[in-house]
Amino acid sequence: MDFGSINPILLLASLMVAATPILLAAIGELVVERAGVLNLGVEGMMIVGSVLGFVAAIGTGNAWVGFGVAAVAGAGLALMFGILTQYLLTNQVASGLALTLFGLGLAALLGQGYLGTKAPSFPDLHIPVLGDIPVIGPIVFQHDPMVYIGLAIVAGVWWFLNKTRGGLVLRAVGENHEAAHALGYHVIRTRLLAIMFGGACAGLGGAYLSIVRVPTYAEGLTAGAGWIALAIVVFASWKPGRLLIGAYLFGGVTVLQLNLQAAGVAIPVEYLSMSPYIATILVLVIMSAGSAPGSLGKTFHASR
Amino acid sequence: MLRRTLLASAAATAMIGGAALADGHEPVKVGFVYVGPIGDGGWTYEHHQGLLAVQEEFGDAVETVFVESVPEGPDAERVMTQMALEGADLIFTTSFGYMDPTINVAAKFPDVRFEHATGYKQADNVSVYSARFYEGRAVQGHIAGQMTESNIIGYIASFPIPEVIRGINAAYIHAKEVNPDVEFKIIWAYTWFDPAKEAEAANTLIEQGADIILQHTDSTAPQAAAEAANEAGATVYTFGQASDMIEFAPAPRVSSIIDNWAPYYIERTQAVIDGTWESVSTWDGMDTGMVEIGEITDAVPADVKASAEEMIAAITAGEYHPFTGPINKQDGSVWLAEGETAADYGDDGLAGLNFYVEGLTAEVPQ
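It should be emphasised that the depicted structure is a prediction, and the values quoted were computed from it without experimental measurement.

1. Re the overall build of chain B
- Of regular secondary structure, chain B possesses 10 helices and 14 strands.
- A compact globule built from 366 residues should have a C-alpha radius of gyration of about 21 Å, and chain B, at 21 Å, falls within 12% of that.
- Across its three principal directions, the C-alpha atoms of chain B cover 70 × 45 × 35 Å.
- Burial status across chain B gives 59% buried among its 366 residues.
- Here the analysis covers contacts within chain B between residues at least 6 apart in sequence; of these, 68% occur between residues at least 24 apart.
- Within the structure as shown, chain B displays about 14,000 Å² of accessible surface, and the carbon and sulfur contribution to it stands at 51%.

2. Quick notes on empty space enclosed by the protein
- Tallying each qualifying case throughout the model produces two cavities of 30 Å³ or more.
- Along its surface, the largest cavity is lined by Trp43(B), Ser95(B), Phe96(B), Thr118(B), Glu163(B), Trp192(B) and Asp218(B).
- A domain split of the lining of the largest cavity shows at least three residues from each of domain 1 (2-131) and domain 2 (136-258 + 296-336) of chain B.
- Put simply, the second largest cavity is a space of about 30 Å³.
- In this structure, the second largest cavity is lined by 10 residues; those nearest its centre are Tyr217(A), Ala218(A), Gly39(B), Asp40(B) and Thr220(B).

3. Things to note about a nonpolar patch on the surface
- A contiguous nonpolar patch, built from Tyr271(A), Met274(A), Ile278(A), Ile281(A), Leu282(A), Leu284(A), Val285(A) and Ile286(A) and spanning about 840 Å² of accessible area, is present on the exposed surface.
- Relative to the helices and strands, Val285(A) is located in helix H12 (residues 269-286).

4. Some remarks on the sheet that holds strand E3 (residues 90-93) of chain B
Residue and element names in this part refer to chain B.
- Reading across from one edge, E2-E1-E3-E4-E5-E11 is the order of the six strands in this open sheet, with parallel pairing throughout. Each of the sheet's edge strands pairs with one partner strand only, and the pair in question is strand E2 (62-67) and strand E11 (281-284). Direction aside, the axes of adjacent strands within the sheet are offset by 15° on average.
- Each of strand E1 (28-33), E2 and E3 is contacted by helix H3 (residues 74-85), which is oriented at about 170° to E1, the strand it contacts most.

5. Examining the packing of helix H5 (residues 133-147) of chain B against helix H6 (residues 162-178) of chain B
Residue and element names in this part refer to chain B.
- Contact geometry for H5 and H6: axes closest at 7 Å, N-to-C directions at 35°. Remark: the crossing between H5 and H6 carries right-handed chirality. Counting all contacts with H5, which are made through Phe 133, Tyr 134, Arg 137, Ala 138, Gly 141, His 142, Gly 145 and Gln 146, the residues of H6 involved are Glu 163, Arg 166, Gly 167, Ala 170, Ala 171, His 174, Ala 175 and Val 178.
- Per-class residue counts for the contact of H5 with H6 are seven nonpolar, six polar and three charged.

6. Side note on helix H7 (residues 165-175) of chain A
Residues and elements named next belong to chain A.
- Residues Gly 167, Val 169, Leu 170, Val 173 and Gly 174 constitute the buried set of H7. Down the axis, H7 shows its buried residues gathered within 160° of arc, on one side only.
- Where H7 is buried, its residues contact helix H1 (8-34), helix H6 (145-163), helix H8 (177-182) and helix H9 (187-213).

7. Comments concerning the domain arrangement of chain B
Residue and element names in this part refer to chain B.
- Partitioning chain B into structural domains gives domain 1 (2-131) and domain 2 (136-258 + 296-336).
- Taken over C-alpha atoms, the centre of domain 1 sits 32 Å from the centre of domain 2.
- Facing 12 residues of domain 1, the contacting portion of domain 2 comprises 14 residues.
- Roughly 980 Å² is buried in total at the junction of domain 1 and domain 2, and carbon and sulfur atoms are behind 61% of that figure.
- A per-residue breakdown of the area domain 1 buries against domain 2 is headed by Asp 40, Trp 43 and Phe 96, which together make up 41% of the total.
- For the pair domain 1 and domain 2, the number of links is zero salt bridges.
- Our count for the domain 1 to domain 2 interface comes out at two residue pairs in polar contact (both at pLDDT 80 or more).
- Taken together, the residues of the side of domain 1 that touches domain 2 break down into five nonpolar, four polar and three charged.

8. Details of the side chain of Thr93(B)
- Within the secondary structure, Thr93(B) sits in strand E3.
- A polar side-chain atom of Thr93(B) sits 3.0 Å from a polar atom in the side chain of Thr102(B).

9. Brief notes about the packing of helix H3 (residues 63-87) of chain A against H9(A)
All names here are of chain A.
- The interhelical angle for the contact between H3 and H9, taken along N-to-C directions, is 145°, at an axis separation of 6 Å. Relative to H9, H3 is oriented so that their crossing is right-handed.
- Of the residues contributing to the contact of H3 with H9, the split by class is 20 nonpolar, seven polar and one charged.

10. Digging into the pairing of E3(B)
Residue and element names in this part refer to chain B.
- Judged by which residues are buried, E3 turns out to be covered on both faces: Leu 90 and Phe 92 on one side and Ile 91 and Thr 93 on the other are all buried.
- Direction of pairing for E1 relative to E3: parallel, over a ladder of four bridges. By the bridge assignment for E3, Gly 31 is matched with Ile 91.
- Looking at chain direction, E3 and strand E4 (residues 113-117) are connected through four bridges and run parallel. Counted as the bridge partner of Ile 91 is Phe 114 from E4.
- Each parallel crossover has a hand, and for E3 linked through helix H4 (residues 99-108) to E4 it is right-handed.

11. As for the sheet that holds strand E9 (residues 237-240) of chain B
Residue and element names in this part refer to chain B.
- Spatially, the six strands line up as an open sheet ordered E7-E6-E8-E9-E10-E12, and their pairing is mixed. The sheet is open, and its two borders are formed by strand E7 (183-188) and strand E12 (291-294), each paired with just one other strand. Strand after strand, the sheet turns through a mean of 20° between neighbouring axes, direction not considered.
- Packing of helix H8 (residues 221-231) onto the sheet brings it into contact with strand E6 (152-157), strand E8 (212-215), E9 and strand E10 (253-259), and relative to E9 it is tilted by some 160°.

12. What to know about the interface of chain A and chain B
- Facing 27 residues of chain A, the contacting portion of chain B comprises 31 residues.
- With both chains or domains summed, chain A and chain B bury close to 2,400 Å², and 57% of this area falls on carbon and sulfur atoms.
- Considering only the side of chain A, the residues that lose the most area to chain B are Lys118(A), Leu258(A) and Ala262(A), jointly responsible for 23% of the buried surface there.
- The tally of links between chain A and chain B comes to one salt bridge.
- Where Glu200(B) meets Arg213(A), a salt bridge forms, and the shortest distance between an N and an O atom there is 2.2 Å.

13. Quick look at the layout of surface pockets
- Computed from the structure, the largest pocket encloses a volume of approximately 920 Å³.
- Considering the residues around the largest pocket, the lining is formed by 31 residues, among which Asp124(A), Asn203(B), Ala228(B), Ala229(B) and Ala232(B) are closest to the centre.
- Elements with a contribution of two residues or more to the lining of the largest pocket: H1, helix H5 (136-140) and H9 of chain A together with helix H7 (195-207) and H8 of chain B.
- Per-element accounting of the lining of the largest pocket gives the leading share, five residues, to H1(A).

14. Points about the environment of Arg268(B)
All names here are of chain B.
- Counting through the fold element by element, Arg 268 comes out in helix H9 (residues 262-274).
- In sequence terms Arg 268 and Ala 106 are 162 residues apart; their C-alpha atoms lie 17 Å from each other.
- Dropping the residues within four chain positions of it, Arg 268 is found in contact with Leu 90, Phe 92, Glu 115, Ser 127, Trp 277, Glu 278 and Val 280.

Rules behind the numbers
- Residues numbered from 1 in each chain as written.
- Chains lettered and ligands numbered in written order.
- Predicted model: local features only at pLDDT ≥ 70, side-chain atom pairs only at ≥ 80, totals over all residues.
- Heavy atoms only, no water.
- Helix = DSSP H or I, 4+ residues; strand = E, 2+ residues; numbered from the N terminus.
- Rg over C-alpha atoms; globule rule 2.2 N^0.38 Å.
- Buried < 20%, exposed > 50% of the residue type's maximum accessible area, 1.4 Å probe, protein only.
- Contact = heavy atoms within 4.5 Å.
- Areas by Shrake-Rupley, 256 points an atom, 1.4 Å probe, with all protein chains shown as cover.
- 1 Å grid on protein atoms, 1.4 Å probe; cavity = no way out; pocket = protein on both sides within 12 Å on 5 of 7 lines; lining within 4 Å.
- Points joined across faces, edges and corners; volume = space filled by probe spheres on them.
- Domains from an automatic or database assignment.
- Patch = residues over 30% accessible without salt bridge, like charges linked within 9 Å, V, L, I, M, F, W, Y side chains within 5 Å.
- Salt bridge = Lys/Arg side-chain N within 4 Å of Asp/Glu carboxyl O.
- Pairing = 2+ DSSP bridges.
- Axes fitted to C-alpha atoms, helices over the stretch in contact; angles between N-to-C directions.
- Left-handed = near helix turned anticlockwise from the far one by under 90°.
- Nonpolar A, V, L, I, M, F, W, Y, C, P; charged D, E, K, R; others polar.
- Arc of directions from axis to C-beta.
- Buried area = accessible area lost by both parts, 1.4 Å probe.
- Polar contact = N/O pair within 3.5 Å; in protein donor to acceptor, adjacent residues only side chain to side chain.
- Right-handed = clockwise from strand over helix to strand, strands pointing away.

Structure (structure tokens):
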């Protein structure tokens, strides 16, 4: 065994990068679920974001435009889901799964002709002063801007949910939509906005994969990242702080198992790969029953 | 894609009205089952080039169909069965994991001819064919061993099957020959095609000091990851896998192994048309052109390029076998004595190779 060749600084640094796409997708889904909507279409919105973001980034030569387009595309796809589930009262689980399948097909179609091309470069920020701190500098302060945007979104969501009136309304809608409606809050409008925010975040997460992480587009690029994001939301028991831990745990295990293999450590990678999922199941078992939003997944109609 | 092909073929059938062609023959229908998307830029892309070559060669006399991204396992059996039911005369199944499904389906359709790539199970109506990729790996190792500054070569492997292990051994032996300090770091991705994971693996290897990345997976993601690392100031070289991947030349991609299936596919289709098709086992290398080496770019020093070209010429002429003794197994026991070359089949033969050669430090996953 030779752990010497694993550089812990680089390991932790790459952990932050590996966790970013699932962190982005998960924080969006967290807001959606706190509003009482279960959108299983994260994977579909991610991959559509990844392909459209990539195409826009190639077309303009500017990665930022790519991220913008990806967020809009994700939100647009989510809006479709919102209209289906909020106005036409379709089943959320079925609509979400349909959205994933639709997204995968749409992405494969749109991506024809872009396979194997390379994304425009998106350089790392080297934050002055902070980036020069030994050990912590390279781990935390020398990444590309999207890593920090992801963290900022998590912090923003925490602040919004816990410290603002809007957040209170959103949580009320998610806990008991009939009571919120009786109090005069717009249940459907709140949910639509949450769904679109979730879609935009998923789109960003997908674009991060195709523009920064891989950085090329290929069919099936997200390879299940959207499902991991859904698991993280449950793992985090719908709390933004724990979501960060969950995303780093899932991202960390991915990076760690590759590092251990490259270092020639003979531990079966299967166990390591399944460990975050086992953790999620454990959390589900241990968790007190009441912590999921009360109206999660339920259809709302004002007449009732 | 398949649907379009089907519609097109349905339309064609309707036009002909099920009648025979001018020369009195129905068009021969050739099916292809692909493991990845045809746009992977690697393995499946090259098989699809073979399909296009068949179309080009035979025109209306042959009708082709394909299904892409077919998972290895039961789903593959379903796809093959459907192809056979739709009247395919010859079906190429182009991944190792299709071996048992191909044999199973072939037993149900004795009149349909099957060709399975890279496997070893033959039947009366199942041929096997593969290319001696390890000949190309030897050239890669030869170049890589001289190009590396860190003496660490990263290797992204797919599944622990003989074909992949042969490649690792061939590359290692020839890298070691020119650079005794060279060390291999191997990551098993357990997939043929997962761009995010392949890129992640490439990044991990680069972080652990590798400045050459060899891949035995199908996408161009490791090339893109290496290019991004180079833009950030590193110097990493890669080799195209299965396809030329020339879009990443002159660096990081400095050369490549190209699988040229077209001549084989044309020959076998011709055999079906002529009625001379028989179950055969084909394993061709550089000599027949099934394995080609892509252009060695100017990033490679001239003397290294010259000696690599000598090696290519010697292998092509049959003067040099990449597994020529003395070579020991990883545990130190003798595999090949001085001057002995590896046999294709039998104990310790290349077809079933399941051990590393001496000097590799990792273990073959079980």
